[in-house]
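Working through the structure, step by step
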Amino acid sequence: MEFAPGIHDLSQAMGGHVHAYLIVDGDGLTLIDTLYDTTGQRVLDVIQGMGRQPTDVQRIVLTHAHRSHLGGLAALKKATGATVHAHSWEADIISGERKAQPRISALIPMRPVRTYWRIYYLQVGMALGVGKHPPCPVDRTLADGDQVGPLQVLHTPGHSPGHLAFWWPERRTLFAGDAIATWPEFAPGWPAFNLNERQHRASLQRLAELDAEVLAVGHGRPLTEDVAARVRTLVDEG
Ligand SMILES: [Zn+2]
Ligand SMILES: [Zn+2]
């Protein structure tokens, strides 16, 4: 669960093997994304397992406003009282005032089908703009270059217009959100879900230049070996 010092990995099969991360820095906890379940219980269980209280979570930071990452948000906001942070473009989707941008071309199955069939139900949700999360207001909007807790904010549009990645320089750890996926295979995100390919490639280039040692992504397990070289292969492919 703690796959690198101070970084706990939380995951569930629903929502496309979605992952969230709880990081310990000094006294406070920072939660990155909130998993698919609307109860937040998996996250609360991990906090308890660490011998901590829900109110030790100082902030919840969100990579973007897709259903798989927002499920537990409202419940966890209530349980923790933490400040909720996201990019301004995503904020009114998170608060339930606007739907996530649909992408009708997402109805075309991703290839190879034998790899991606397991997430086709999420593609349909994206294409039709269905898949609601319990809404929750955003307390503070984030922009490129901001600092939130120990993390530097990187605006990395492409997957969605307000997609954020987070960089923890002391640990050389990159939280890439959905800009990179490691499930069902290591890839530059899930192609059918990326709203703007040109922006997405520019964001990948930026992430590659960080020379990260640890990579934590929104779908699939974190990587701790050959990270910088592997991320660079995603840019070269483009
Ligand atoms: Zn997404
Ligand atoms: Zn996702």
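In what follows, the structure referred to is the one given above.
This one's a predicted model, so the numbers in the text were calculated from it and none came from an experiment. (Residues numbered from 1 in each chain as written. Chains lettered and ligands numbered in written order. Predicted model: local features only at pLDDT ≥ 70, side-chain atom pairs only at ≥ 80, totals over all residues. Heavy atoms only, no water.)

Each donor-metal-donor angle would ideally measure 109.5 degrees in four-coordinate tetrahedral geometry, or 90 or 180 degrees in six-coordinate octahedral geometry. Looking at the zinc ion (ligand 2), the protein donor atoms are His-69 (NE2), Asp-178 (OD) and His-219 (NE2), and they sit 2.0 Å from it. Considered as a linear motif, the donors of the zinc ion (ligand 2) on their single chain read H-x108-D-x40-H. A separation of 3.2 Å is found between the zinc ion (ligand 2) and the zinc ion (ligand 1), both of which receive a donor from Asp-178. Residue His-69 is located in helix H3 (residues 67-70), and its partner His-219 is located in the loop between strand S12 (214-217) and helix H9 (227-237); the two are separated by 150 residues in the primary sequence. Just as His-69 is buried, His-219 falls in that class too. (Donors = N, O, S within 2.8 Å, 3.2 Å for Na, K, Ca; no water. Helix = DSSP H or I, 4+ residues; strand = E, 2+ residues; numbered from the N terminus. Buried < 20%, exposed > 50% of the residue type's maximum accessible area, 1.4 Å probe, protein only.)

Looking now at the pattern of salt bridges. Scanning all chains against the criterion turns up eight salt bridges. Across the pair Lys-77 and Asp-139 runs a salt bridge, and its minimum N-O distance is 2.8 Å. Taken as a pair, Lys-77 in helix H4 (residues 73-80) and Asp-139 in the loop between helix H7 (120-128) and strand S7 (140-142) lie far apart in primary sequence, 62 residues in all. Under the relative-accessibility criterion, Lys-77 is labelled partly exposed at 24%. (Salt bridge = Lys/Arg side-chain N within 4 Å of Asp/Glu carboxyl O.)

Two aromatic rings, taken as a pair, are described by how far apart their centres are and by the angle between their planes. On inspection of all chains with the given rule, the structure shows three aromatic pairs. Where Phe-3 meets Tyr-21, the ring centres are 6.1 Å apart and the plane angle is 65 degrees; that geometry is what we call edge-to-face. You can see Phe-3 sitting in strand S1 (residues 2-4) and its partner Tyr-21 sitting in strand S3 (residues 18-25), a full 18 residues away along the chain. The exposure class of Phe-3 is partly exposed, given its relative accessible area of 24%. Members of the aromatic cluster, each reached through a chain of ring pairs, are Phe-3, Tyr-21 and Phe-175. Lying across the ring of Tyr-36, Arg-67 places its NZ or CZ 4.0 Å from the centre. Taking NZ or CZ as reference, Arg-98 lies 4.2 Å from the ring centre of Trp-89, over its face. (Phe/Tyr/Trp six-rings, centres within 6.5 Å; stacked < 30°, edge-to-face > 60°. Lys NZ or Arg CZ within 6 Å of the ring centre and 35° of its normal.)

Quick look at the nonpolar core now. Within the largest apolar cluster, 27 residues are counted, with the highest numbers of intra-cluster contacts made by Ile-60, Leu-62 and Ile-94. Looking at this core, the elements with two or more residues in it are S3, strand S4 (28-32), helix H2 (41-49), strand S5 (57-61), H4, strand S6 (83-87) and helix H5 (88-94). Those residues in contact with Ile-60 that sit more than four places away from it in its chain are Leu-31, Thr-34, Leu-73, Leu-76, Lys-77, Thr-80, Ala-82, Thr-83, Val-84 and His-85. By size, the runner-up hydrophobic cluster in this structure holds 18 residues, among which are Leu-154, Ala-165, Ala-176 and Val-227. (Core = buried A, V, L, I, M, F, W, Y, C linked by side-chain atoms within 4.5 Å. Contact = heavy atoms within 4.5 Å.)

The next subject is the pairing of strand S11 (residues 173-177). The buried fraction of S11 amounts to five of the five residues, a majority that puts the element mostly inside the structure. Burial along S11 is two-sided: Thr-173, Phe-175 and Gly-177 and Leu-174 and Ala-176, pointing in opposite directions, are all buried. Where strand S10 (residues 164-168) folds back on S11, the antiparallel hairpin that results is connected by four residues, among which Arg-172 adopts a positive phi of roughly 45 degrees. Sheet topology note: the S11/S12 ladder contains four bridges and is parallel. Across the sheet, the residue bridging to Leu-174 is Leu-215, located in S12. The β-α-β motif built from S11, the intervening helix H8 (residues 197-208) and the parallel element S12 has right-handed crossover chirality. (Pairing = 2+ DSSP bridges. Right-handed = clockwise from strand over helix to strand, strands pointing away.)

This paragraph deals with the coordination of the zinc ion (ligand 1). Taken together, the protein ligands of the zinc ion (ligand 1) are His-64 (NE2), His-66 (ND1), His-159 (NE2) and Asp-178 (OD), with distances of 2.1 to 2.3 Å. Coordination at the zinc ion (ligand 1) is irregular: its four donor atoms span angles of 89 to 170 degrees at the metal. Taken in chain order, the donor set of the zinc ion (ligand 1) reads H-x1-H-x92-H-x18-D. (Tetrahedral: all angles 85-135°; square planar, octahedral: opposite > 155°, others 65-115°.)

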